[in-house]
Amino acid sequence: MVAAMELEILGMNFGCVLAALADAKIPDKDCLLPLFSKLLGYTIVAASTTVKLPQILKILKHGSVRGLSVASFELEVVGYTIALAYCIHKGLPFSAYGELAFLLIQAIILVVIIYYYSPPMGTKTWMKALLYCGMAPTVLAGKIDPALFEVLYASQHAIFFFARVPQIWKNFTNKGTGELSFLTCFMNFAGSIVRVFTSIQEKTPLSGILDSDCSYHFLF
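These figures come from a predicted structure and were not determined experimentally.

Visitor: Looking at this model, I keep getting lost on helix α7 (residues 146-174). Mind explaining?
Guide: What sets the pattern is the α-helix's 3.6 residues per turn: residues three or four places apart point alike. For α7, with 29 residues, the first-to-last C-alpha span of 43 Å sits near the 42 Å given by 1.5 Å per residue. In α7, a bend of some 30 degrees at Q156 exceeds every other bend along the element. Among all positions in α7, only F149, Y153, Q156, I159, F160, A163, R164, Q167 and N171 are buried. The N-terminus of α7 is capped by D145, whose side-chain oxygen sits 3.0 Å from the backbone nitrogen of A147. K175 lies just past α7 and shows a positive phi near 55 degrees.

Right under this line is the structure:
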């Protein structure tokens, strides 16, 4: 009966739920938790498409990047790139990391906007941009030595941590957050809490769970 009622959508198996309901029973924990985790995972992915929108709109509305640290947003792009490439390389289900793709796109847009509203770009800034554009496709395609890949992934913990330091220092010295969006920071934090649960259910490596918990979603 269970086999006859198998129904899988986007990697979510509703078969056990349908079978239990057909027998007038409450689905057990082993059936509900994986399904609930998948649903939460896709919810996070969907929500991630707008996480940085408040920050983008705030900059565009005021035409200013006052109080924002360029280095913080640049390092964030690097960290997202490494994290996304590693998840793709490890073959994790999209529901377990999909938000990284959308966060990376939004982070890149943010950096471009910050460059636009900042003083004229110097040679150093152009060099960093060109270096990223040259290296990112190779990293995302996984066309690097496996050992180097592991080193890069391990280093992203430090990258995300140090991405926060310049912004925290700028907030402290300015005695304010400037154009930093609280809503974006809050959405990052809330998403990270939920992602810890889904990562455990998806059997994500411990390092990946630590990322969600305290690295790339750490509040400014």
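Visitor: Is there a simple way to think about the pattern of salt bridges in this case?
Guide: Opposite charge on two side chains lets them pair, provided their charged atoms get close. Scanning the entire structure with this criterion turns up 4 salt bridges. For K52, the salt bridge goes to E76, with nearest N and O atoms at 3.1 Å. With K52 in the loop between α2 (29-48) and α3 (53-62) and E76 in helix α4 (residues 70-89), the pair connects residues that are 24 residues apart, well separated along the chain. Across the salt bridge formed by R164 and E76, the nearest N and O atoms sit 3.0 Å from each other. Of this pair, R164 sits in helix α7 while E76 sits in helix α4; the two residues are 88 residues apart in sequence, bridging distant segments of the chain. Here R164 and E76 have matching classes, each one buried. In this structure, a network of salt bridges that share partners links the residues K52, E76 and R164.

The rules we used
Residues numbered from 1 in each chain as written. Predicted model: local features only at pLDDT ≥ 70, side-chain atom pairs only at ≥ 80, totals over all residues. Heavy atoms only, no water. Helix = DSSP H or I, 4+ residues; strand = E, 2+ residues; numbered from the N terminus. Expected span 1.5 Å × (residues − 1). Bend = angle between axes of the 7 residues up to and from the residue. Buried < 20%, exposed > 50% of the residue type's maximum accessible area, 1.4 Å probe, protein only. Polar contact = N/O pair within 3.5 Å; in protein donor to acceptor, adjacent residues only side chain to side chain. Salt bridge = Lys/Arg side-chain N within 4 Å of Asp/Glu carboxyl O.

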